[in-house]
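Observations on the three-dimensional arrangement
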Amino acid sequence: MTKNGQTQQFDKAAFKAAVEKHLTTTYATTLANATPRSWYLAMGRALAEFTTTNLLETEKTLAEEKARSVNYLSLEFLIGRLTGNNLISMGLYENVSQAMEEMGLNLTDLLEEERDPALGNGGLGRLAACFMDSLAAQEYPAVGYGLHYEYGLFRQSFVDGRQEEAPDAWRGAEGYPWEVLRPELTQQVNLYGHVEAYTDENGTACRRWVPALTVEGVAWDLPIVGYGNKSVYPLRLWECRSTAPFNLARFNDGDYVGAQFPALEAGNVTKVLYPNDNHDQGKALRLMQQYFHCACSVADILRRHHAAGHTIEELAKLETIQLNDTHPTIAIPELMRILLDEYKLGWDAAWEIASNTFAYTNHTLLPEALETWSEALIQAMLPRHMEIIFEINHRFLQVVEAKWPGNNSIKRKLSIIEEGPQRMVRMANLCVVSTYAVNGVAALHSELVKRDLFPEFNELFPGRLTNVTNGVTPRRWIKYCNPGLSALITEKVGEDWPAHLEKIAELEQFATDADFQKRYMAVKKENKQRLADWVEENMGIELDTNAIFDIQIKRLHEYKRQHLNLLHILSLYHRLLNDPTFDMHPRVFFFGAKAAPGYALAKDIIFAINKVAEKVNNDPRLGGKLKVVFVPDYRVSLAEILFPAADVSEQISTAGKEASGTGNMKFAMNGALTIGTMDGANVEMREEVGDDNIFIFGLLVDEVQQLKQEGYDPYRYYQADSVLRAALDLLDTDEFTPGQPGQLSAIRANLLDGGDPYLVLADFADYVKTHEKIDAEYRDQKTWARKAILNTALMSKFSSDRSIRDYANNIWKLDPVNR
Ligand SMILES: *Cc1c(COP(=O)(O)O)cnc(C)c1O
């Protein structure tokens, strides 16, 4: 890497010629007629020439070096726009900006033409994207495996305050400039049918799957560009295509349309991303997506393994497969099937390989998010896999019997098969039994996995359950999205920090430096202005950047408690109007969140926030002190404007419910102070910054559990707290929906008669009190600046580079290969 981070030989004239060539030949546009969009596409294609070359060369090097690799299997990769980020990783941002300038174009404007590839829902998918970035930055050999959804996460708009969903055709008509089709990697995937017994030439009794339907998986590679190095790893996304366009027998019967049905159906497998976050729906098409993803990926891993000259017995030595949640669990019986039925290994030999190849990351303790699939569904779609799952379970239950003889209740609890009116396969149990490592995603979460979710597994397999605390990539989440702060950091600690975030700790000494405080806060102000301009332009709301920018952006979910935030806003509204002694610093509450289309209460909460926003933003009695902004279509590219502009970060989940969170880390790095519960990674963030530099409130995990056990009564809080009562009762009036009372009452009903499952009312008073403390402290700008700087300085633990080193050292046993 050269001094300015440039890793790529850059010939400006050749680059400009390549852009023009793509403009005219790839996109059939003349220079005179080219729109900004076609310029962006042509520029993307010209840049992809570099990355594709490096991708192929990296593949070659790794095969030659016989390097051990990690295969990161995830149904979601929420990568966000690639162009700006790749330019930074390639060290070409300035060069390309200049080249485009010479062609009369502004790079910043062109970057805005890119549609986010939103191939994920939220934190889990974004984590996979940050991890790919960190694998490449540190040159840990890796392949990311995902699905090439035709439609990513739906686009959100608000119509009269209500969420509407529209399909997200992220590739546009022209295709995505960064992706490259790899026709030679095409795989066949079988579905349905039955299992046959037969005797092979040695007289051994064997089983084989006779499928009823075959589809094709074609590979699209997106380049994951290593920051400051020459490695480019593939994010390999499988697209499903039907092989046989028709069923010949039915075609010959004259049923032309019916004959194409299996093909039409199969063509739908990768049509759309399921929009649920932390919720399992159990739909057949989703299982088909999961199996399609796993079958293609496992086959590709084996192809690479053999192409590099290795034997099947060496698989676990050279390849490890990380399962991002249970979504790709079916890869385990798939590998077993191949080892048993195709390689003809015995069970023990096959099990030795498979169980030493897979590792599993648990992302949630929420019961509704723990995947189960009905035995009947798996039996029909994947009959051989169902047999293998039964055999894994049978052998596992013998281990349980040996440990706890005669204890049927433990057996029932640990069994991979849940008994009941219809038998279900518990995917998390299958994972814990069949992998060599299971990790939670923050220290607290991993403790709860051991203590509450899998205590017996922890006894049975000591050491298997571990922790790797999540992180985020400082390239996208500081350097790219916050150029002002980045320049300031570089000036003080040197230019290495994006690849070595430990360096950022050197900022600590400037936390009390008056001049640095001023400049740091000036950058914050600019970032607030950038957000205010976006809001003005896109939503027509005018904002004052002297107000506290208080931001909650994350998927809409009861456990994340956007409704607690809403109740606080309602209490401020009530007090501003009714308590003449009440004073507050002006504040803007921002929200960004998509609700799963079938999640009624989440949609009600969005509607309520929008209605409250409409009222408070236009109520002259409030003197401009209170504004509420719900930005539509929250996504990575919007996040890049929001995180840098925050003064206050809302991380207010019920303790024990948020596994880690990663938004919390992005905010703190960018100098927002957190108001948060002792949940997920908030706990470790508090350890890093110290209690004075974070605002912690609310019940602890054990207090939550105890309160629930005692019998939680939300009415008690309602009756005891007049401010809370006023806030809740506003939801039953027509204050925010003039002439139509009752439109917001579902939320109040859920919190009172519905039993308030996430203890919103129990935490309300402490939350309000803590916000009062924030209000008071913000008025002292020097103190605030010091705390904000300390947050930036003390966040290095939460670089995803550290997370990846933890995985590499403690789980994968993986070494970097430098190109
Ligand atoms: C970081 C991020 C998330 C995760 O946010 P949490 O607050 O951790 O739930 C979700 N969506 C986007 C677009 C993100 O960038």
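Residues numbered from 1 in each chain as written. Predicted model: local features only at pLDDT ≥ 70, side-chain atom pairs only at ≥ 80, totals over all residues. Heavy atoms only, no water.

Going by what an unreviewed UniProt entry lists, the protein is known as Alpha-1,4 glucan phosphorylase and is assigned to Photobacterium aphoticum. On record in UniProt, under Sequence similarities (unreviewed entry), the comment for the protein is "Belongs to the glycogen phosphorylase family." (UniProt positions renumbered as here; feature names shortened; annotations may be inferred.)

Between helix α1 (residues 12–26) and helix α2 (residues 36–64), whose axes approach to 8 Å, the crossing angle comes to 120°. Considered as vectors, α1 and α2 are oriented oblique to each other. When the axes of α1 and α2 are compared, the crossing they make is right-handed. Residues Phe15, Ala18, Val19, Lys21, His22, Leu23 and Thr26 of α1 lie in contact with α2, whose contacting residues are Ser38, Trp39, Ala42, Met43, Arg45, Ala46, Leu47, Glu49 and Phe50. Among the residues forming the contact of α1 with α2, the class breakdown is ten nonpolar, three polar and three charged. (Axes fitted to C-alpha atoms, helices over the stretch in contact; angles between N-to-C directions. Helix = DSSP H or I, 4+ residues; strand = E, 2+ residues; numbered from the N terminus. Parallel < 35°, antiparallel > 145°, perpendicular 65-115°, else oblique. Left-handed = near helix turned anticlockwise from the far one by under 90°. Contact = heavy atoms within 4.5 Å. Nonpolar A, V, L, I, M, F, W, Y, C, P; charged D, E, K, R; others polar.)

Another point: the confidence of the model for the protein. For the protein, per-residue confidence averages 96 on the pLDDT scale, and residues scoring 70 or more make up 96% of the total. Confidence drops under pLDDT 50 across residues 1–5; counting only partners more than four residues distant or on other chains, this segment forms eight contacts. (pLDDT = per-residue confidence, 0-100.)

Before going further, it helps to spend a moment on the nonpolar core. Inside soluble globular proteins, nonpolar side chains tend to come together where they are buried. Core analysis: the biggest nonpolar cluster contains 274 residues, and Phe15, Val96, Met100, Leu567, Phe590 and Leu626 have the highest contact counts within it. For this core, the domains that each give at least three residues are domain 1 (66–80 + 116–469 + 805–812) and domain 2 (474–700 + 757–793). Excluding residues that lie within four positions of it along the chain, Met100 makes contacts with Phe15, Val19, Trp39, Met43, Leu105 and Leu110. (Core = buried A, V, L, I, M, F, W, Y, C linked by side-chain atoms within 4.5 Å. Buried < 20%, exposed > 50% of the residue type's maximum accessible area, 1.4 Å probe, protein only. Domains from an automatic or database assignment.)

Surveying the vicinity of the ligand reveals 14 residues, the closest of which are Lys554, Lys560, Thr662, Gly663 and Lys666. Lys560 places a polar side-chain atom, nitrogen or oxygen, 2.8 Å from an oxygen atom of the ligand. Between an oxygen atom of the ligand and a main-chain N or O atom of Thr662, the distance comes to 2.8 Å. Its free accessible area being 390 Å², the ligand has 96% of it covered by the protein chains. Residue assignment for the shell around the ligand shows that the elements contributing at least two residues are α6 (123–137) and α26 (663–669). (Near = heavy atom within 4 Å. Polar contact = N/O pair within 3.5 Å; in protein donor to acceptor, adjacent residues only side chain to side chain. Areas by Shrake-Rupley, 256 points an atom, 1.4 Å probe, with all protein chains shown as cover.)

Our focus in this paragraph is the side chain of Lys411. Summarising the element assignment, Lys411 is placed in helix α16 (residues 408–414). Here Lys411 falls in the buried class, since its relative accessible area comes to 16%. Excluding its chain neighbours within four sequence positions, the residues that come into contact with Lys411 are Leu397, Val400, Glu401 and Gly406.

Further remarks concern unusual backbone geometry. For Glu139, which is not glycine, the phi dihedral falls at a positive 55°. The phi dihedral of Tyr192 falls on the positive side, at around 60°, and the residue is not glycine. Residue placement: Tyr192 occurs in the loop between β5 (180–191) and β6 (194–199).

Before going further, it helps to examine the sheet that holds strand β18 (residues 587–592). An order of β19-β18-β17-β20-β21-β22 is seen for the six strands of this open sheet, with the pairing classed as parallel. In this open sheet, the two strands that pair with only one neighbour each are β19 (626–630) and β22 (695–696). As judged from the five bridges shared by β18 and β19, these two strands associate in the parallel manner. Bridging across to β19, Val588 finds its partner in Lys627. Each of β18 and β19 touches helix α24 (residues 600–616); the most contacted strand, β19, lies at about 140° to it. (Pairing = 2+ DSSP bridges.)

For the rest of this paragraph, the subject is helix α13 (residues 347–355). Among all positions of α13, only Trp347, Ala350, Ile353, Ala354 and Ser355 are buried. Buried residues along α13 sit against α11 (315–318), α12 (331–342), β11 (358–361), α15 (383–403) and α17 (427–434).

Further remarks concern the environment of Arg115. Tracing the chain through its elements places Arg115 in the loop between α5 (107–111) and α6. Residues Arg115 and Gly661, 546 residues apart in the sequence, show an inter-C-alpha distance of 25 Å. In contact with Arg115, not counting residues within four places along its chain, are Arg155, Asp168, Ala169, Trp170 and Tyr176. A polar side-chain atom of Arg115 sits 3.1 Å from the main-chain carbonyl oxygen of Ala169.

Attention shifts here to the pairing of strand β15 (residues 437–440). Judged by which residues are buried, β15 turns out to be covered on both faces: Ala437 and Asn439 on one side and Val438 and Gly440 on the other are all buried. In this sheet, β15 lies alongside β11 in parallel orientation, the contact comprising three bridges. Pairing of Ala359 across the sheet is with Ala437, part of β15. Alignment of β15 against strand β16 (residues 465–467), held across three bridges, turns out to be parallel. Each residue of the ladder has a partner; that of Gly440, found in β16, is Asn467.

Across all of its chains, the model carries 64 salt bridges by this definition. Where Lys594 meets Asp633, a salt bridge forms, and the shortest distance between an N and an O atom there is 2.9 Å. Pair noted here: Lys594 is in the loop between β18 and α24 and Asp633 is in the loop between β19 and α25 (636–642), with a separation of 39 residues, a long-range link. Asp633 shares its class with Lys594; the two are buried. The partner of Glu684 in a salt bridge is Lys797, and the shortest N-O contact between them spans 2.9 Å. With Glu684 in helix α27 (residues 682–689) and Lys797 in the loop between α33 (781–793) and α34 (800–812), this residue pair connects regions lying 113 residues apart in the sequence. You can call Glu684 buried: its relative accessible area is 4%. In this structure, a network of salt bridges that share partners links the residues Glu59, Arg182, Glu184, Asp221, Arg236, Asp300 and Arg303. (Salt bridge = Lys/Arg side-chain N within 4 Å of Asp/Glu carboxyl O.)

Two elements in contact, α13 and α15, have axes whose closest approach is 13 Å; the angle formed by their N-to-C orientations is 90°. The angle between α13 and α15 places the two elements in the roughly perpendicular class. Of α15, the residues touching α13 (which contributes Trp347, Asp348 and Trp351) are Ile388, Glu391, Ile392 and Arg395. A class-by-class count of the residues in the contact of α13 with α15 yields four nonpolar, no polar and three charged.

Let us now look at the UniProt feature "modified residue: N6-(pyridoxal phosphate)lysine" (unreviewed entry) in the protein. UniProt's entry tags Lys666 with the feature "modified residue: N6-(pyridoxal phosphate)lysine" (unreviewed entry), counted in the numbering of this structure. Residue placement: Lys666 occurs in helix α26. Leave out the neighbours within four places in its chain, and Lys666 touches Arg126, Val472, Trp477 and Phe643.

Let us now look at the environment of Pro474. As for its position among the elements, Pro474 is in helix α20 (residues 474–480). Overall, Pro474 belongs to the buried group, its relative accessible area being 0%. Separated by 145 residues in sequence, Pro474 and Thr329 have C-alpha atoms that sit 30 Å apart.

Where like charges cluster on the molecular surface, the negative patch consists of Asp533, Glu536, Glu537 and Glu542. With respect to the helices and strands, the residue Glu542 is situated in the loop between α22 (514–539) and β17 (548–553). (Patch = residues over 30% accessible without salt bridge, like charges linked within 9 Å, V, L, I, M, F, W, Y side chains within 5 Å. Lys, Arg positive; Asp, Glu negative; His and termini not counted. Charge placed at Lys NZ, Arg CZ, Asp CG, Glu CD.)

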